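This is what each chain is made of:
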Amino acid sequence: MDSAAPAPPEHEDELVNRDRRLAGASLAAAAERYGLELPPSSTRGKGFAGRLLEVALGATAGSRAAPDFPELGIELKTLPVDLQGKPRESTWVCHCPLDGSLPISWADSWVRQKLSRVLWIPIVYDASAELGDRRIGLPILWSPNAEEASMLGQDYEALAERVALGEADTISARHGVALQIRPKAADARQADWVVGEEGEWTLANPRGFYLRASFTGAMLARRVTTGG
DNA sequence: GACTGATCATGG
DNA sequence: CCATGATCAGTC
C-alpha cells in the first residue's frame with residue numbers, strides 16, 4: 001500500500017520539513033508508516049533506505065533518468081553514516097558510458113547536473129545494527145561550494161580524458177580524489193561494448209561515478225559544524 | 001579500518 | 001535489458 005505517500009513537495013522548505021519530521025525514526029517504523037515491507041536482511045535490502053525515503057518524501061521520478069524532485073531540481077540521496085556521523089560508504093552518482101558519449105568537460109557533464117542540488121539524508125547506524133534498526137537523520141540540502149566544485153571538476157575531467165582515450169581497461173577506483181569510477185552492474189559477467197585504445201570495439205564491465213566517503217564526510221562536517 | 005571490486009532489489 | 005536505489009565482503 002502506498003496510501004500514506006504524500007504528494008510531491010512544492011517548495012524546498014516543505015521537502016526539508018518533511019524529512020525533519022521523519023528524523024529519529026527507524027527504517028522499520030518508517031516502512032510500516034508508509035506501507036512498505038522491510039527486506040529480510042541488509043544484503044537483500046540494498047537500496048531500501050533510498051526507496052523508502054523517496055516514498056516518504058513524495059519523490060516522483062521513480063527509475064527514470066530525472067531528478068527525484070523535477071520541479072525543484074533536487075536529487076535525493078541517503079548517506080549511511082556511523083554514530084559519529086562519518087560516512088560508511090561511497091555514494092553512487094550516475095552511470096559512466098564508455099562508448100564515446102561521455103562529455104569531456106565538467107560543465108557539460110551529467111555528474112555536475114546530478115550534484116548541483118542534493119538533499120542528503122543520513123542513515124545512522126553502527127556495525128551491528130539490523131536494517132530495520134537503522135535511523136533516519138537530519139537532512140542537509142547541499143550545493144557544491146567553489147572548493148567542492150573545483151575538486152569534482154578536476155577529478156571528472158581527468159577521468160573523462162582517460163575514458164575518451166579508450167583506456168577503459170586501465171580505469172580503476174584508485175583514480176580521483178573526490179570522484180571515482182567503479183564497476184556498477186548486477187555482476188562481473190555483465191559487459192558493455194566500449195571503445196578501446198586503438199578505437200576498436202571491445203567488451204568491458206559497466207562503470208559508474210561514485211563520491212568517495214572522504215569527500216562526503218568533509219562535506220557533512222563543514223555543513224554540520226558551521227551550520228550551513 | 002579503509003578501499004576496491006562485486007553484488008542485490010525493483011520497475012519500466 | 002537498462003535505469004533507478006545502494007551496500008556487501010574480501011583484500012590491502
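Residues numbered from 1 in each chain as written. Chains lettered and ligands numbered in written order. Predicted model: local features only at pLDDT ≥ 70, side-chain atom pairs only at ≥ 80, totals over all residues. Heavy atoms only, no water.

**Quick word on the protein's contact with DNA strand B**
Turning to step 1, where the next piece is worked out: Around DNA strand B there are 20 residues in total, and Arg44, Lys46, Lys86, Arg182 and Ala185 lie nearest to it.
Turning to step 2, where the next piece is worked out: By atom count, sugar and phosphate contribute 60% of the portion of DNA strand B lying within 4 Å of the protein.
Turning to step 3, where the next piece is worked out: In the model, a phosphate oxygen of DNA strand B is placed 3.4 Å from a nitrogen or oxygen of the Arg189 side chain.
Turning to step 4, where the next piece is worked out: Arg212 is positioned with one of its side-chain polar atoms (N or O) 2.8 Å from a phosphate oxygen of DNA strand B.
Turning to step 5, where the next piece is worked out: Broken down by element, the residue count for the surface near DNA strand B peaks at three residues, all from strand β6 (residues 179-183).
Turning to step 6, where the next piece is worked out: Residues that form the surface near DNA strand B fall into these classes: six nonpolar, four polar and ten charged. (Near = heavy atom within 4 Å. Polar contact = N/O pair within 3.5 Å; in protein donor to acceptor, adjacent residues only side chain to side chain. Helix = DSSP H or I, 4+ residues; strand = E, 2+ residues; numbered from the N terminus. Nonpolar A, V, L, I, M, F, W, Y, C, P; charged D, E, K, R; others polar.)

**Observations concerning the pattern of salt bridges**
Turning to step 1, where the next piece is worked out: Tallied over the full model, the rule gives seven salt bridges.
Turning to step 2, where the next piece is worked out: With a shortest N-O distance of 2.8 Å, Arg117 and Glu12 are connected by a salt bridge. Of this pair, Arg117 sits in the loop between α4 (110-114) and β3 (118-124) while Glu12 sits in helix α1 (residues 12-22), placing them 105 residues apart in sequence.
Turning to step 3, where the next piece is worked out: On the accessibility criterion, Glu12 (27% relative accessible area) is partly exposed.
Turning to step 4, where the next piece is worked out: When the shortest N-O distance is used, the salt bridge between Glu167 and Arg162 registers 3.9 Å.
Turning to step 5, where the next piece is worked out: On the basis of relative accessibility, which here comes to 25%, the residue Arg162 falls in the partly exposed class.
Turning to step 6, where the next piece is worked out: Members of the salt-bridge network, linked through shared partners, are Glu75, Lys77 and Lys114. (Salt bridge = Lys/Arg side-chain N within 4 Å of Asp/Glu carboxyl O. Buried < 20%, exposed > 50% of the residue type's maximum accessible area, 1.4 Å probe, protein only.)

**Here we look at the protein's contact with DNA strand C**
Turning to step 1, where the next piece is worked out: Around DNA strand C, the structure places 22 residues, and the nearest of them are Ser42, Lys46, Thr78, Pro80 and Lys184.
Turning to step 2, where the next piece is worked out: When atoms of DNA strand C within 4 Å of the protein are split into backbone and base, the sugar-phosphate part holds 62%.
Turning to step 3, where the next piece is worked out: Take Arg134: an N or O atom from its side chain is 3.5 Å from a phosphate oxygen of DNA strand C.
Turning to step 4, where the next piece is worked out: Looking at the surface near DNA strand C, the elements that each hand over two or more residues are α3 (48-57), β1 (75-81) and α4.
Turning to step 5, where the next piece is worked out: A class-by-class count of the residues in the surface near DNA strand C yields four nonpolar, seven polar and eleven charged.

**Comments concerning a nonpolar patch on the surface**
Turning to step 1, where the next piece is worked out: A contiguous nonpolar patch, built from Trp193, Trp201 and Leu203 and spanning about 400 Å² of accessible area, is present on the exposed surface.
Turning to step 2, where the next piece is worked out: In this structure, Trp193 sits in strand β7 (residues 192-195).
Turning to step 3, where the next piece is worked out: On the basis of relative accessibility, which here comes to 56%, the residue Trp193 falls in the exposed class. (Patch = residues over 30% accessible without salt bridge, like charges linked within 9 Å, V, L, I, M, F, W, Y side chains within 5 Å. Areas by Shrake-Rupley, 256 points an atom, 1.4 Å probe, with all protein chains shown as cover.)

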